[in-house]
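# Results of the structural survey
Spelled out, the chains give:
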Amino acid sequence: MSKEKQYASIFELDGMPKFSQALPLAVQHLVAMIVGCVTPAIIVAGAAGIEGKDRVILIQASLVFSALSTLLQLFTIGFKDIRLGARLPVIMGVSFAYVPSMQAIAEDFGIATILGAQIIGGIVAFIVGLSINQIRRFFPPLIAGTVVFTIGLSLYPTAINYMAGGASSAAYGSWQNWTVALFTLSVVTVLNHYTKGFAKLASILIGMVAGYIMAMCFGMVNFDSVATASWFQLPELMHFGIHFEPSACVALAILFAINAIQAIGDFSATTTGGMDRLPTNQELKGAITGYGICNIVSAFFGCLPTATYSQNVGIVSTTKVINRCVLGLTAVFMLLAGLIPKFSAILTTIPQCVLGGATVTVFASIAMTGIKLVMTEDMNYRNTSIVGLAAALGMGVCQASASLAAFPSWVTTIFGKSPVVVATIVAVALNIILPKTKEVPVDDEK
């Protein structure tokens, strides 16, 4: 047998490909997701008011457990009928979908309460995975799209506040902050629309580097946290503690149920685009139960909720590279980055205006993804009513949360802090209640 035949093809699910082929493809996946993976931790840390070592630990946990979650989905553990993980080519990372709710919980209760609610959410996701066939019908593309659309809308104020320098900053709204933010956004936009290949794929990363350099020229970057960070450190068990607040648990549990169902879309897109088939029930069951268990375990180490990364799904669908070892190499790079606190500390030095300029495009794409999902169904009067009312009530109640002041505080925590919960409940309820065959008569009179 020749040496060449000992290597698997990068277009095969199993086997070890040549390292020279796997390396650039693994790096491609890494640059597509690493900024998105650590940014939620930075945003939530800001909302909770934690700085220095604690912020570094939060970012470190994000990288380490995103890597471990990815490895579980790629290679699985367990037996034939009881298996955690999908054994499909996907990348896991800390998800923006939870950011609005986590910000609200962090401001009111702190990081420990987020992690406690995450454990409950992980249990919910595990149960959803076990009963996926029965629950799936309640979340068609219309409902999932409405939820994703609302998530995108709810993140826009975060992006704008960051572009202005952060609401708690003394220089909030300064021309320096806006100059750096708009420059970063411009670089990302130009690379997205006028380049191809690696430059287009890494547009957010390159834009952040460009914005970071400009911010250094304005004296916005402080390296004190990097100097004090160690070179190697394992994640710390129970560093932030665990606290269970019922209202926070309900809010995140609903989101975990939604994201468990939403993951079906990502896994389906992966297998359809890269393998020309739909995922099997066994693969979906393993994927979602693995997702739930990973979030339960990672909460004890301070990692915020993880989920499948759609941008990496897009890479798999475009390149048709499905070899699990390629994506496993990406996970190894993530793991190494997370075990080096100096790397995590460098990420904490990124000014908020740079993050805002880079991530506003991410938030916009989230909203557009929701619209695309919604538009896969016939937009008749019934369906437009569901989408419109769910988004209106979700965003409206959140923006006027004082309207819930007469209710107990837990009502505000669940329904008034994040529009996603209200939008989800309204969308699911209307989809069940409203008749599917009734059409509104059209008045033909001129």
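Residues numbered from 1 in each chain as written. Predicted model: local features only at pLDDT ≥ 70, side-chain atom pairs only at ≥ 80, totals over all residues. Heavy atoms only, no water.

## With respect to the overall build of the protein
Here is the rule we go by: Think of it this way: any DSSP run of H or I at least four residues long counts as a helix, any run of E at least two long counts as a strand, and we number them from the N terminus. We compute the radius of gyration from the C-alpha atoms alone; for a globule the expected value is 2.2 Å times N to the 0.38, where N is the number of residues. Burial classes follow relative accessibility: with a 1.4 Å probe on protein chains only, a residue under 20% of its type's maximum area counts as buried, one over 50% as exposed, and anything between as partly exposed. Note on contacts: a residue pair is in contact if any heavy atoms of the two residues lie within 4.5 Å. When charges are counted, neither His nor the chain ends are considered; positive counts come from Lys and Arg and negative counts from Asp and Glu. Lys charges are placed at NZ, Arg charges at CZ, Asp charges at CG and Glu charges at CD.
Within the protein one finds 19 helices and 4 strands. The C-alpha atoms of the protein give a radius of gyration of 22 Å, which matches the 22 Å a tight globule of 446 residues would have. Its C-alpha atoms give the protein principal-axis dimensions of about 70 × 60 × 50 Å. Taking all 446 residues of the protein together, 55% fall into the buried category. Here the analysis covers contacts within the protein between residues at least 6 apart in sequence; of these, 82% occur between residues at least 24 apart. Positive and negative side-chain charges of the protein, numbering 23 and 20 respectively, have mean locations separated by a distance of 9 Å.

## With respect to the environment of Leu347
Mapped onto the fold, Leu347 is located in helix α15 (residues 341-348). Relative accessible area serves as the criterion here: at 13%, Leu347 is assigned to the buried category. Along the backbone, Leu347 and Val35 are 312 residues apart, and their C-alpha atoms lie at a distance of 9.2 Å.

## Let's talk about the side chain of Ser174
Basically, it comes down to this: Pairs of N or O atoms within 3.5 Å make up the polar contacts considered here, provided that, within protein, one atom can donate a hydrogen while the other can accept it, and that residues adjacent in sequence are counted only when both atoms are side-chain atoms.
Secondary-structure assignment places Ser174 in the loop between α6 (141-163) and α7 (175-194). Of note is the side chain of Ser174, whose polar atom sits 3.2 Å from the side chain of Asn177.

## Examining unusual backbone geometry
With a phi angle near 60°, Arg87 is a residue other than glycine that sits in the positive phi range. Residue classification places Arg87 among the partly exposed positions, given a relative accessible area of 29%.

## What about the packing of aromatic side chains?
Selection rule: Only Phe, Tyr and Trp rings take part, Trp by its six-membered ring, and two of them pair if their centres are within 6.5 Å. Stacked means planes under 30 degrees apart, edge-to-face means over 60, and tilted covers everything else.
This structure, assessed with the given rule, holds 4 aromatic pairs. Taking 4.8 Å as the distance between ring centres and 40° as the angle between the ring planes, the aromatic pair formed by Tyr98 and Phe256 counts as tilted. Of this pair, Tyr98 sits in the loop between β3 (92-94) and α3 (99-108) while Phe256 sits in helix α11 (residues 246-275), and the two are 158 residues apart along the sequence. Measuring from ring centre to ring centre gives 5.6 Å for Trp175 and Phe218, while their planes differ by 85°; the resulting arrangement is edge-to-face. Of this pair, Trp175 sits in helix α7 while Phe218 sits in the loop between α9 (203-217) and α10 (224-228), placing them 43 residues apart in sequence.

## Let's talk about helix α2 (residues 52-75)
For the record, the criterion: Each helix should span, by expectation, one fewer than its residue count multiplied by 1.5 Å.
A rise of 1.5 Å per residue sets the reference length of α2, with its 24 residues, at 34 Å; its end C-alpha atoms lie 35 Å apart and thus fit the reference within 8%. Taken across its 24 residues, α2 has 18 buried, putting it largely inside the fold.

## Topic: the side chain of Ser66
With respect to the helices and strands, Ser66 occurs in helix α2. For Ser66, the side chain forms a polar contact with the main-chain nitrogen of Val94, separated by 3.5 Å. With residues near it in sequence (within four places) discarded, Ser66 still touches Cys37, Ala61, Met92, Gly93, Val94, Thr306 and Met334.

## Side note on helix α19 (residues 419-433)
Taking 1.5 Å as the rise per residue, α19 with 15 residues should run 21 Å; its terminal C-alpha atoms sit 21 Å apart, in good agreement. Every buried residue of α19 is accounted for by Pro419, Val420, Val421, Val422, Ala423, Thr424, Val426, Ala427, Val428, Leu430 and Asn431.

## Some thoughts on the state of the cysteines
Here is the rule: In plain terms, two cysteine sulfur atoms within 2.5 Å form what is called a disulfide here.
Counted according to the given criterion, the structure contains 0 disulfides. For Cys294, which is in no disulfide, the shortest distance to another cysteine sulfur is to Cys303 and amounts to 9.4 Å. With no disulfide of its own, Cys353 lies 12 Å from the sulfur of Cys217, the closest cysteine sulfur. Judged by relative accessible area, Cys353 falls into the buried class, the value being 1%.

## Topic: a nonpolar patch on the surface
Note the threshold: A patch is a set of surface residues, each over 30% in relative accessible area and not in a salt bridge, joined within 9 Å for like charges and within 5 Å for the nonpolar side chains Val, Leu, Ile, Met, Phe, Trp and Tyr. A 1.4 Å probe and the Shrake-Rupley method give the accessible areas. Residues count as covered only by the protein chains that appear here. Basic side-chain nitrogens of Lys or Arg form a salt bridge, by our definition, when they fall within 4 Å of a carboxyl oxygen of Asp or Glu.
Nonpolar side chains collect at one region of the surface, where Trp231, Phe232, Leu234 and Ile340 lie side by side and expose about 490 Å² of accessible area between them. Along the polypeptide, Trp231 turns up in the loop between α10 and α11. According to the relative accessible area criterion, Trp231 is exposed, its value standing at 64%.

## With respect to the environment of Met275
Structurally, Met275 is set in helix α11. Counting along the chain gives 263 residues from Met275 to Glu12, while the straight-line C-alpha distance between them is 9.2 Å.

## What about the packing of helix α4 (residues 111-130) against helix α12 (residues 281-299)?
Convention followed: Only the contacting stretch of a helix is used when fitting its axis, a line to C-alpha atoms as for every element, and angles between N-to-C directions run 0 to 180 degrees. Angle categories: roughly parallel below 35 degrees, roughly antiparallel above 145, roughly perpendicular from 65 to 115, and oblique for all the rest. A crossing counts as left-handed when the near helix is turned anticlockwise from the far one by less than a right angle, and as right-handed when that turn is clockwise. Note on residue categories: nonpolar means Ala, Val, Leu, Ile, Met, Phe, Trp, Tyr, Cys or Pro, charged means Asp, Glu, Lys or Arg, and polar means any other residue, Gly included.
Orientation of α4 relative to α12, taken along the N-to-C sense of each, is 165°, at an axis distance of 8 Å. When the interaxial angle is binned, α4 and α12 end up roughly antiparallel. In the crossing of α4 with α12, the sense of the turn from one axis to the other is left-handed. Residues Leu115, Gln118, Ile119, Gly122, Ile123, Ala125, Phe126, Val128, Gly129 and Leu130 of α4 lie in contact with α12, whose contacting residues are Lys285, Ile288, Thr289, Tyr291, Gly292, Ile293, Asn295, Ile296, Ser298 and Ala299. Its residues placed into classes, the contact of α4 with α12 shows 12 nonpolar, 7 polar and 1 charged.

## Quick word on the confidence of the model for the protein
To keep things clear, this is the line we draw: Confidence of the predictor at the level of single residues is given by pLDDT, which spans 0 to 100.
Taken over all residues, the pLDDT of the protein has a mean of 81, while the share at 70 or more is 91%. For the protein, per-element mean pLDDT is lowest for helix α13 (residues 310-319), which scores 68, and highest for α4, which scores 93.

## Points about the pattern of salt bridges
Think of it this way: side chains of opposite charge can pair up when their charged atoms draw near. If you walk through the whole model with that rule in mind, you get 2 salt bridges. Linking Arg87 and Asp14 is a salt bridge whose minimum nitrogen-to-oxygen distance equals 2.8 Å. One end of the pair, Arg87, is in the loop between β2 (83-84) and β3; the other, Asp14, is in the segment before α1 (19-48), and 73 residues separate them in sequence. According to the relative accessible area criterion, Asp14 is partly exposed, its value standing at 35%. Residues Arg324 and Asp14 are paired through a salt bridge, measuring 2.5 Å at the closest nitrogen-oxygen approach. Of this pair, Arg324 sits in helix α14 (residues 324-338) while Asp14 sits in the segment before α1, and the two are 310 residues apart along the sequence. For Arg324, a relative accessible area of 9% gives the class buried.

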